[in-house]
Amino acid sequence: MNSAQVAALQTLLSTPKKIAIIPHKNPDGDAIGSALGLYHYLLQLGNDVKVVSPNDYPKFLKWMPGSSDVLNWEKVNSSCVRVLEEADAVFTLDFNDLGRTGDMAELLKTLPASFVMIDHHREPTDYAQIMFSHPDMSSTSEMIYHIIAALGHKDAITKDIASCLYAGIVTDTGSFKFSATTVSTHHVAANLIERGASNNEIHTLIYDNNSADRLYLLSTALQNMKIFPEYRTSYMTLSSEELKNHNFIKGDTEGFVNYGLSIDGIEFTAIFIENEEEGLIKISLRSKGDFDVNTFARTHFNGGGHKNAAGGRMIGTIEETTTLFESLLAKYKTELAS
Ligand code: 5GP
Ligand code: MN
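Residues numbered from 1 in each chain as written. Chains lettered and ligands numbered in written order. Predicted model: local features only at pLDDT ≥ 70, side-chain atom pairs only at ≥ 80, totals over all residues. Heavy atoms only, no water.

A. Spatial organisation of the environment of Asp119. Looking at where Asp119 falls in the secondary structure, it is placed in strand β5 (residues 114–119). Between the C-alpha atom of Asp119 and that of Asp94, which follows or precedes it by 25 residues, the distance is 4.6 Å. Once you skip the residues sitting within four places of it in the chain, Asp119 turns out to touch Asp94, Phe95, Asn96, Phe132, Ser133, His134, Thr140 and Met143. A polar contact is formed between the side chain of Asp119 and the backbone nitrogen of Phe95, at a distance of 2.9 Å. (Helix = DSSP H or I, 4+ residues; strand = E, 2+ residues; numbered from the N terminus. Contact = heavy atoms within 4.5 Å. Polar contact = N/O pair within 3.5 Å; in protein donor to acceptor, adjacent residues only side chain to side chain.)

B. View of helix α6 (residues 159–172). Taking 1.5 Å of rise per residue, the 14 residues of α6 would be expected to cover 20 Å, and the 20 Å separating its terminal C-alpha atoms lies within 8% of that figure. In terms of residue burial, α6 counts as a mostly covered element, since 12 of its 14 residues are buried. Listing the buried residues of α6 in full gives Ile161, Ala162, Ser163, Cys164, Leu165, Tyr166, Ala167, Gly168, Ile169, Val170, Thr171 and Asp172. Elements in contact with the buried residues of α6: α2 (29–44), α5 (140–150), α7 (183–194) and α8 (199–207). Directly after α6, the chain includes Gly174, whose backbone phi takes a positive value near 55°. (Expected span 1.5 Å × (residues − 1). Buried < 20%, exposed > 50% of the residue type's maximum accessible area, 1.4 Å probe, protein only.)

C. Geometry of the sheet that holds strand β3 (residues 71–72). Taken in spatial order, the six strands line up as β3-β2-β1-β4-β5-β6 in an open sheet, and their pairing is parallel. A single partner strand is all that each edge strand has here, and the edge strands are β3 and β6 (130–133). In the sheet, strand β1 (residues 18–23) pairs with strand β4 (residues 89–93) via five bridges, with the strands oriented parallel. Counterpart to Ile19 in the pairing with β4 is Ala89. Sitting on the sheet, α5 is in contact with β4, β5 and β6, with an inclination near 115° to β5. (Pairing = 2+ DSSP bridges. Axes fitted to C-alpha atoms, helices over the stretch in contact; angles between N-to-C directions.)

D. Layout of the site of ligand 1. Within the structure, ligand 1 sits among 13 residues, and Arg100, His121, Ser284, Arg286 and Arg313 are positioned closest to it. Within the side chain of His121, one N or O atom sits 2.7 Å away from an oxygen atom of ligand 1. Measuring from an oxygen atom of ligand 1, one finds a side-chain N or O atom of Lys282 at 3.4 Å. Surface burial for ligand 1 is 82%, taken as the share of its 500 Å² of free accessible area covered by protein chains. (Near = heavy atom within 4 Å. Areas by Shrake-Rupley, 256 points an atom, 1.4 Å probe, with all protein chains shown as cover.)

E. Broad picture of the state of the cysteines. Counted according to the given criterion, the structure contains zero disulfides. Counting only cysteine sulfurs, Cys80 is the nearest neighbor of Cys164, a cysteine outside any disulfide, at a range of 19 Å. According to the relative accessible area criterion, Cys164 is buried, its value standing at 0%. (Disulfide = S-S within 2.5 Å.)

F. Quick peek at the sheet that holds strand β7 (residues 226–228). Spatially, the six strands line up as an open sheet ordered β7-β8-β9-β10-β12-β11, and their pairing is mixed. Either end of the sheet is taken by a strand with one partner, and the two such strands are β7 and β11 (304–305). Inspection of the sheet shows β11 paired to strand β12 (residues 309–315) by two bridges, in the antiparallel sense. Residue pairing in the sheet places Gly305 in a bridge with Ala310 of β12.

G. The arrangement of the coordination of the manganese ion (ligand 2) in detail. Taken together, the protein ligands of the manganese ion (ligand 2) are Asp30 (OD), Asp94 (OD), His120 (NE2) and Asp172 (OD), with distances of 2.1 to 2.3 Å. Here the donor residues of the manganese ion (ligand 2) share one chain and are spaced in sequence as D-x63-D-x25-H-x51-D. Taken together, the positions of Asp30 in helix α2 and Asp172 in helix α6 put the pair 142 residues apart, joining distant regions of the chain. (Donors = N, O, S within 2.8 Å, 3.2 Å for Na, K, Ca; no water.)

So, in structure tokens, the structure goes:
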């Protein structure tokens, strides 16, 4: 961690403050794990801390200690507004552009608070006074561990903090499988287990609590899969009708996209999921090796993320989106063709 940024953070935290912690909209395991890990740490330092989430998050993350304290911007809006307006400091976690908080962004832009960004996505925008931006890190949760260590407080990592950070690392690394997983990631994970994170229990809580509906939805997505061996590409789709037929609840499609990459010879994959309410198609993109899906998402689908995992959206139907996607495969022939 950059020592000037650590020193600035140390100064900010030298006296107790009113602090708001914000994960990105549709928070995943890393966003919630890092937010709650930091929450417990800052509470220990004597701060008045609230986690304000832009919207709800999936059930398989709600076991995390402190989850019941999280305020949902969409449910208790006036309390969230008050917390944000009164905050001395706002920590934004696992995102690097205020637009990733949805309609909360308008208020965030007007706040007098000091902003601290802690994030591992590429191409950060410039809104924070203190900025920890490390695109080479596996996860924001791993960054929180390094920041607590850099502040000299490794011993303050309790079982609750360790469990939240471990969950964030596991989910963002695909259980230590993705390419951003490093020696340091494993050292941090080992330290978190030493500090009380129960690795076996956490894996079970996250991955072994499927509903039957979710697995049937996965089977529908797999049946819809199209494969383009000549471009080493595959994609899946899910229409809003298919989601309804399987009683879709938030989080059900998390991780589906990775199945498209598990086929031998496939290095680029996508899933297109219809969001009828918002009139758009949500897109998740994944790659192996050199194909940069962050740039692809930014250029064609109004999104972004990391080199090997990114997301975006398109206003239109599934058919319009997949037609565009298929036409792009030919354009990227030199990068994709085997
Ligand atoms: P997912 O496909 O799981 O929604 O997202 C994959 C990665 O890309 C995550 O790290 C997520 O934070 C990031 N991401 C998803 N959608 C967007 C987007 O619209 N803009 C940016 N900048 N990043 C995104
Ligand atoms: Mn992350």
